Each structure stands twice: as C-alpha cells, then as structure tokens.
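Listed below are the residues making up each chain.
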Amino acid sequence: MIIFTTVEEDKGEPANTTAAQLSGDNFNTAHSVGSSHVFLMTDSTANHSSLPTRKEIIDACAPLRGTNVLKYEVDGARPLFIKFGSELMGGAETQKYLYEQSVRNPSAPRVPVVYDSFENGRYGREYIVMEYIETPTIEYWLDKKPDMAELLYDKVTEAVRWILDCPLPAEPRFGPVGRGPAQHRVFPDHIAPLEFDSVDAVQRYLNTALTRFTPKRAARPALVDFSNEEVCFYHSDIRPSNFHYDPETQKVTIVHLQHVGMGPKSFASYPLHAPHHIDREFLQAIATRIGYERTDSINGMGRASGYLIMCSNPTLGLDQSGYRKPKPSSQPTTTGAVT
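On a predicted model such as this, the values are computed, not experimentally measured, just so you know.

The next subject is the layout of surface pockets. In this structure, the largest pocket occupies an estimated 250 Å³ of space. Along the walls of the largest pocket sit 12 residues, with K83, D237, H256, Q258 and H259 positioned nearest its centre. When its residues are assigned to classes, the lining of the largest pocket shows one nonpolar, seven polar and four charged.

Counted under the stated rule, the structure contains 14 aromatic pairs. Seen from their ring centres, Y140 and W141 are 5.3 Å apart, and the 75° between their planes marks the pair as edge-to-face. For the residue pair Y140 and W141, the accessibility class agrees, reading buried in each case. A ring pair is formed by F226 and F267, whose centres lie 5.7 Å apart and whose planes are at 65°; its orientation type is edge-to-face. Here F267 lies in helix α6 (residues 265–273) and F226 lies in the loop between α5 (199–213) and β7 (231–235), a separation of 41 residues in the sequence. Given a relative accessible area of 2%, F226 falls into the buried group. Take F267: its relative accessible area is 0%, and that puts it in the buried class. Members of the aromatic cluster, joined through ring pairs, are F174, F187, F196, Y205, F226, Y234 and F267. Over the aromatic face of Y292 sits the side chain of K265, whose NZ or CZ is 5.4 Å from the ring centroid.

Once that is clear, we can look at unusual backbone geometry. The backbone of E87 shows a phi angle near 55°, a positive value even though the residue is not glycine. If you trace the backbone, E87 turns up in the loop between β4 (80–85) and α2 (89–103). When its relative accessible area of 37% is taken as the criterion, E87 is described as partly exposed. If you check the backbone angles, L316 has positive phi at about 60° while not being a glycine. Among the secondary structure elements, L316 is positioned in the segment after α8 (298–309).

We now examine the pattern of salt bridges. Going through the model one piece at a time under the given rule, you end up with 13 salt bridges. A salt bridge links R110 to E131, with the nearest nitrogen and oxygen atoms 2.1 Å apart. Note that R110 is positioned in the loop between α2 and β5 (114–120) and E131 in strand β6 (residues 125–131), a separation of 21 residues in sequence. Its relative accessible area of 33% is what places R110 among the partly exposed residues. Overall, the relative accessible area of 6% leaves E131 in the buried class.

Rules behind the numbers
- Residues numbered from 1 in each chain as written.
- Predicted model: local features only at pLDDT ≥ 70, side-chain atom pairs only at ≥ 80, totals over all residues.
- Heavy atoms only, no water.
- 1 Å grid on protein atoms, 1.4 Å probe; cavity = no way out; pocket = protein on both sides within 12 Å on 5 of 7 lines; lining within 4 Å.
- Points joined across faces, edges and corners; volume = space filled by probe spheres on them.
- Nonpolar A, V, L, I, M, F, W, Y, C, P; charged D, E, K, R; others polar.
- Phe/Tyr/Trp six-rings, centres within 6.5 Å; stacked < 30°, edge-to-face > 60°.
- Buried < 20%, exposed > 50% of the residue type's maximum accessible area, 1.4 Å probe, protein only.
- Helix = DSSP H or I, 4+ residues; strand = E, 2+ residues; numbered from the N terminus.
- Lys NZ or Arg CZ within 6 Å of the ring centre and 35° of its normal.
- Salt bridge = Lys/Arg side-chain N within 4 Å of Asp/Glu carboxyl O.

Here you go:
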C-alpha cells in the first residue's frame, strides 16, 4: 500500500512511522509532517526496494491543492519527501552539492540526500524527491524544551557557519548551483526577477533601483559596491523550522535549501544584520554567535529592497547583465501609394 500525506508547515513533531532504508538512485530529501490528510492507494508491486517512477510522483502530486509538499510512504520502505512547484531546480542542485560536501566531513551538519529532481511541462511544475527527515525541527524543540535554547542556538550556528564557509564549486555563479534565479531576502518575494549572469549584473540592478527611486530632494544614496568582496555561500532564510535536531546524534539537519546560494559577501551578511520581522529573536541569537562582518553595502541593499517591493516591474527594464534593454524599434507601417 502507498500512503500519500499532505504536509503542512508546523513545529515538526516527530513522525510515528519508521521503516527500512530506501535504496536506489532516483530520489531526493528532507522535511517534517504536521497536521495532514491521508490518501490510500493500492500498491501495484510487492517490491518496495525501488523508488517510485516519475509518473507515480506526478500523479501523486497532481490532485493536491493548497500545499506544495508531500510525504510519500510505501510499506516496508523509508518515507520520501516530495516538493513540487516552480523555480526548484536550482535549489535541488544546491542541495545535491551541499550533500556531497557534508558526507566528506564527519563534523558537518546533515543535508538530506536528493534522489531525483525533474520538470514536467504538462503541469508546469518542477519536482524534488528527497529523504524524509524524521527528527523534530528546532522550532519544535524550542517550544517543547525551552531550556535547550542555548544548546540549539549553538548547534544551528555551527550549521549556518558551515554553509557560509563551504567550498565553492569549480565554476561558481550568482545564485544557486547549476541554474535558476537567486532566492534571497533582498529581492521582491525573495526571488530575483532575472537570472543575473554575474555579480556585476546584480550590482548594476540594485544601484539602478537606488538611483531611479530615491526622491529628488533626498540625499544621494550610497550605492552598493561588491567589487572587492569575496564570493561565498549565503543562507537567506535562517528560521527554526528550517533546521532539525537529533538529540541522540546531536546532529543538525538543514532543510529548505532553496534560499541558499552563492554571491558576494554582502549577500551572506545581509540576512544576519538587516532587520526582519520573522523569528527575530532566533535570528539575532544566531547572528550574535556567528559574529559575521557587517559589510558596507548592507544599507544600500536594504533601501533598494524597499524600493523594489513597491515596483510594478521588478526587472526595472534590465536584462540579465543588469543593462537597460533596448526599446523595440517602431517602424511605420508601409502602405501602398494612392494614385
């Protein structure tokens, strides 16, 4: 029997199911289950050692509304976590890369293994299939065991620091590993409106926002300047629901990695220093422990971000290199001469 469970974001209480290790090379990792609706379907095969096909994954996700995550369970096998939606492929490649880095370092945090990631044109969706994380989230532990707060803050700090210091791939790019737009708090809706092709491009983009929207009578804004900054990994969504903790192994698992990417150091510094209303106390505790340098461009990034939120066209009419797109030429329509 296959059990499909829709997953709602919550405090990540431990799941009741335990199962044998899933084997195969087709799938992907990580998350927790809260209130849910369960759908039962008859399994077509008695062999649960293989992973579900992509068609089975698509069919399982097709009827779901109001959620973009699914816990996929098969009798005798460890549950899978499926995430579906748009702009997921970059996060999948980033997660795969960080997983490879984590297994080489015994002291690294856990990163869920990605078994498969793919696109389906029919539904206009992308899918990531990954390991399901059974241990509770940091959010759960802080709520149920507040006396553990200092320990948990220290553990998450170690995990975030590991990401920020992680070696870059051979050919680093701005944003996620592989492809796709950057997902970061500085952008409207936390996702870049363009797949910028360089650090210089995103610098031109943010400075265009600063110069275009600063009131005429206001002082000239300080522009952002990333030219002398090293490129590193950033984590733009540091909240307790994005980390799990296993008290037996004392290991933290990092999930929801779509907001992890590569960029100039200011992109790593911004989430730790710019005010944010979500989980402020938690973020402040982590930022204080990390002691990450506050870069000179953070104020300009924050001001540009505020302007972009109010902008009807967040691309600002720019291309992927941060330059203004040429206006299409308007040539008069030629008509026949009247004699």
